[in-house]
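# Chains, contacts and geometry: an overview
Here is what each chain is made of, one letter per residue.
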Amino acid sequence: MNDSPVPNYYNSSEILNGQIASPQKEKPAYTKAELVISAAVAVIAFLYVRYAIFNIMGFITTAVFIAVITTVIVYLKNKGFTFSRVNIAIAAVLYIFSFVFSITANDLIKWLDLMFLFTAGAYLVYSVTAAKSDIERFLPFAFIKSIFVYPFSKFDSQGKIAADSVKGSKVGSNLKLVLLGLVVTVPLTAVVGALLMSADDGLEKLLTGIADRVFSEDIWILLAEIGLAVPCSMYLFGMIYANSFRSDIDEINDEECSRKLESARFIRNLVIYTAVTPICILYVMFFVSQASYFLSAFMNALPEGYSYADYARRGFFELFAVSLINMGVITGMSLHSKQGGREKPAALKFYTVMLSVFTLILIATAISKMLMYISVYGLTQLRVYTTWFMALMAIIFVMVIIKQFRFDFHFARHFSIAFTLMFALLCFARPDSLIAAYNIGMYNAGYLKELDTDAIMRMSDDAVLTAVNMGAVSDEEAADRAEGKYRRDSLSMYNISSLLLNRKISD
């Protein structure tokens, strides 16, 4: 007989009359505040899907985001969380950027703003509940946790809370009876309806009209919106719930993040020096051999044998790609070199600075070439966006250089501030309006040989409104364009530019 002890996998409360009782499902912890926020999140999620995903974003989208931000802030305040100065600043930024949907008709800007608000909003919830008084030093880890880990760890909490609150209540019992009655009566009603339709033409037309309306395209779109709103609501509530009840949450701390970074350091520094040295030598040879070619960009002069178009286009996107590659190389050097971090040797700092300086020269050259091209051929959306992005990259490389000499330089904080300011410049400058105003002004001054009004008409209402105000596009042309556009989507006119344009062409 085997007298070895049997592991006790079950609690004594789970054993009844010698039989093992099935374990009870874990009930989520919640109060009336969670029931209220759950209902509010469900409504807001539907409005978000309807007016931010399925329709062109405008005033309603601004209202939805203001409602989301306010609801979350009120809930967190009600739970006793305090807002630090950084938290208040982030909340203010969220409110400010919510108005982007209302001031511009540029769809790309709106989608970028949507992603910005989503990311910053998730970080705000994390930052407040984790009692952070500054931007997280290991910001990428915080983003991963706040956007992916925490919300999905409590993804089913909203359903569990709803089921537990309804279970055993009078409302729940009545709801079950109603559903049972519908299950019984729907087939019978369908049979009776079919018989009556066969007996009377008037009733047949009436019921057919109702059926056509019920099963119209709008109903299917509504069902799709509801279907997508359900997981969105569960995700948003899971984010709030996981951060609010932090008993079983996987906290982020600097020590753990440092250990993870240290574990990624597996490449000997000599290997990195050997790999990067040929690249640096190649850059030196490249700049020496092409010195006069590149200096022409800064002197606003064309090299011999080049037109403006050929000179500006040649090498621009190649320089852009090389800048991105250099950013990847520097990131890899910093993350994977065995001797890094605070003990980073002078040689590794030297190579990092060298690559950064070379990249800054490439970026300055590319931007100079682009500005020369713009002065002759005008602005386009692609030229504005790429120039903006390269300027942002230049700021990042400057901060990388500073980091090599000041290890305590808070890179994440300064990058967050720089990116927010740059993104605000992109959004609130309303690029399409800026493009139209610049091109029309340059054409009227005689610097542009021709004005591409068709390109302006293909842009958003920001550009068309500016063109109408400056007399480059007639009211009739703008009215014809608006008629086709608003017929496809009437909600696309609910922003300041579109309303002003519509009012102007209607007068």
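The structure displayed is predicted, hence computed values, not measured ones. (Residues numbered from 1 in each chain as written. Predicted model: local features only at pLDDT ≥ 70, side-chain atom pairs only at ≥ 80, totals over all residues. Heavy atoms only, no water.)

## Let's talk about the overall build of the chain
We count it as follows: Only runs of H or I of at least four residues qualify as helices and only runs of E of at least two qualify as strands under DSSP, and these elements are numbered from the N terminus. Burial status follows relative accessibility: with a 1.4 Å probe on protein chains alone, a residue under 20% of its type maximum counts as buried, one over 50% as exposed, and anything between as partly exposed. Residue contacts follow a heavy-atom distance rule, with two residues in contact if any of their heavy atoms lie within 4.5 Å. Here the accessible surface of atoms and residues is derived via Shrake-Rupley with a 1.4 Å probe, and residues count as covered only by protein chains that are part of the display.
When helices and strands are tallied, the chain shows 23 helices and 2 strands. Taking all 507 residues of the chain together, 41% fall into the buried category. Taking the intrachain contacts of the chain between residues at least 6 apart in sequence as the baseline, contacts between residues at least 24 apart amount to 77%. Taken as a whole, the chain presents about 28,500 Å² of accessible surface, with 66% of it coming from carbon and sulfur.

## Quick word on the packing of helix α5 (residues 107-129) against helix α18 (residues 411-428)
Condition: Where helices are involved, their axes are fitted lines through C-alpha atoms of the stretch in contact, as for all axes, and angles between N-to-C directions lie from 0 to 180°. Note that the term roughly parallel is reserved for angles under 35 degrees, roughly antiparallel for angles over 145, roughly perpendicular for angles of 65 to 115, and oblique for everything else. Handedness of a helix crossing follows the sense of rotation of the near helix relative to the far helix, less than a right angle counterclockwise being left-handed and clockwise being right-handed. Each residue gets one label: Ala, Val, Leu, Ile, Met, Phe, Trp, Tyr, Cys and Pro are nonpolar, Asp, Glu, Lys and Arg are charged, and the others, such as Gly, are polar.
Taken N-terminus to C-terminus, the directions of α5 and α18 make an angle of 150 degrees; their axes are 11 Å apart at the nearest point. When the interaxial angle is binned, α5 and α18 end up roughly antiparallel. Handedness of the crossing formed by α5 with α18: left-handed. In contact with I109, L112, D113 and F116 of α5, α18 contributes F419, T420, F423, L426 and C427. Among the residues making up the contact of α5 with α18, the classes are represented as 7 nonpolar, 1 polar and 1 charged.

## Considerations on a negative patch on the surface
Applied cut-off: Only residues whose relative accessible area exceeds 30% and that form no salt bridge enter a patch; like-charged residues are grouped when within 9 Å of one another, and nonpolar side chains (Val, Leu, Ile, Met, Phe, Trp, Tyr) when within 5 Å. A pair is scored as a salt bridge if a Lys or Arg side-chain nitrogen falls within 4 Å of a carboxyl oxygen belonging to Asp or Glu. Only four residue types enter the tally: Lys and Arg on the positive side, Asp and Glu on the negative side; His and the chain ends are excluded. Charge placement uses NZ in Lys and CZ in Arg. For Asp and Glu, CG and CD serve respectively.
On the surface, E450, D452, D454, D475, E476, E477, D480 and D507 cluster together into a negatively charged patch. At 4 residues, helix α22 (residues 475-488) tops the list of elements feeding residues into the negative patch. Structurally, D507 can be placed in the segment after α23 (496-506).

## Here we look at the nonpolar core
Inclusion rule: Take the buried Ala, Val, Leu, Ile, Met, Phe, Trp, Tyr and Cys residues and link them wherever side-chain atoms come within 4.5 Å; each set so joined is a nonpolar core.
Core analysis: the largest hydrophobic core is formed by 107 residues, its most contacted members being F97 and I456. In this structure I456 touches A436, I440, L451, A463, V464 and A467, once residues within four positions along its chain are discounted.

## Description of helix α15 (residues 316-336)
Working note: α-helix, 3.6 residues per turn, so residues spaced by three or four point in the same direction. Condition: Expected span of a helix: the number of residues minus one, times 1.5 Å. This arc is built from the directions going out from the helix axis to the C-beta atoms.
The end-to-end C-alpha distance of α15 is 30 Å, a good match for the 30 Å that 21 residues give at a rise of 1.5 Å each. Among the residues of α15, those classed as buried are F316, L319, F320, S323, N326, I330 and M333. Down the axis of α15, the sector holding all buried residues measures 145 degrees, keeping them to one side.

## Some details on the packing of aromatic side chains
What counts is decided by this rule: Two rings belonging to Phe, Tyr or Trp (six-membered ring only in the last case) form a pair when the distance between their centres is within 6.5 Å. Interplanar angles under 30 degrees mark stacking, angles over 60 mark edge-to-face geometry, and anything in between is tilted. Distance and angle both matter: a charge sits over a ring if NZ of Lys or CZ of Arg is within 6 Å of the ring centre and within 35 degrees of the ring normal.
By the definition in use, this model includes 24 aromatic pairs. Judged by centre distance (5.9 Å) and plane angle (5 degrees), the rings of F419 and F423 are stacked. Of this pair, F419 and F423 both sit in helix α18, 4 residues apart, roughly one helical turn. Clustering of aromatic rings is evident, with ring pairs tying together F97, F116, F411, F415, F419, F423 and F428. Sitting above the plane of the F407 ring, K403 keeps its charged end 4.9 Å from the centroid.

## Overview of a nonpolar patch on the surface
On the surface, F59, I60, Y494, I496, L499 and L500 cluster together into a nonpolar patch covering about 470 Å² of accessible area. At 3 residues, α23 tops the list of elements feeding residues into the nonpolar patch. Relative to the elements of secondary structure, F59 occurs in helix α2 (residues 59-78). The exposure class assigned to F59 is partly exposed, which follows from its relative accessible area of 31%.

## Things to note about the layout of surface pockets
Note the following rule: As defined here, a cavity is a set of points on a 1 Å grid over the protein atoms alone where a 1.4 Å probe fits but cannot get out. A pocket is an open set with protein on both sides within 12 Å along at least five of seven lines, and residues line them when an atom is within 4 Å of a point. Grid points are joined across faces, edges and corners, and a volume is the space filled by probe spheres set on the points.
Approximately 1,300 Å³ is the volume attributed to the largest pocket. Residue lining of the largest pocket: 30 residues in total, with R137, S334, L335, K403 and F411 positioned closest to the centre. At the level of elements, α6 (139-153), α11 (254-263), α15, α17 (381-405) and α18 are the ones that each hand at least two residues to the lining of the largest pocket. Looking at the lining of the largest pocket, its residues break down into 17 nonpolar, 5 polar and 8 charged. By volume, the second largest pocket amounts to about 610 Å³. Along the wall of the second largest pocket there are 22 residues; nearest its centre are F116, A120, S416, F419 and T420. Going through the elements one at a time, α3 (85-98), α5, α6 and α18 are the ones with two or more residues in the lining of the second largest pocket. Residue contributions to the lining of the second largest pocket peak at 8 residues, all from α18. Of the residues contributing to the lining of the second largest pocket, the split by class is 18 nonpolar, 3 polar and 1 charged.

## Section: the pattern of salt bridges
Scanning the entire structure with this criterion turns up 11 salt bridges. With a shortest N-O distance of 3.3 Å, K79 and E34 are connected by a salt bridge. Here the residue K79 occupies a position in the loop between α2 and α3, and E34 occupies one in helix α1 (residues 32-53), the gap between them amounting to 45 residues. We note a salt bridge from K160 to D156, for which the minimum N-O separation is 3.3 Å. Looking at K160, the relative accessible area reads 37%, which means it is partly exposed. The class of D156 is partly exposed, set by a relative accessible area of 37%.

## Details of the environment of V125
Following the sequence through the fold, V125 ends up in helix α5. Judged by relative accessible area, which is 4%, V125 ranks as buried. When sequence neighbours within four positions are dropped, the list of residues in contact with V125 reads V72, M239, I240 and N243.

## Here we look at the side chain of S498
Put simply, the test is: We call two N or O atoms a polar contact when they sit within 3.5 Å, provided that within protein one can donate a hydrogen and the other can accept it, with sequence-adjacent residues counted only if both atoms are side-chain atoms.
When you line up the elements, S498 lands in helix α23. Only 2.5 Å separates the side chain of S498 from the side chain of D461, close enough to count as a polar contact.

## Things to note about the confidence of the model for the chain
Stated precisely, the cut-off is as follows: pLDDT measures the predictor's confidence residue by residue and takes values from 0 up to 100.
Summarising the model, the chain shows a mean pLDDT of 84, and 79% of its residues fall at 70 or more. Here residues 1-18 is a poorly scored stretch, pLDDT under 50, and it has 5 contacts once near neighbours within four places are set aside; other chains count.

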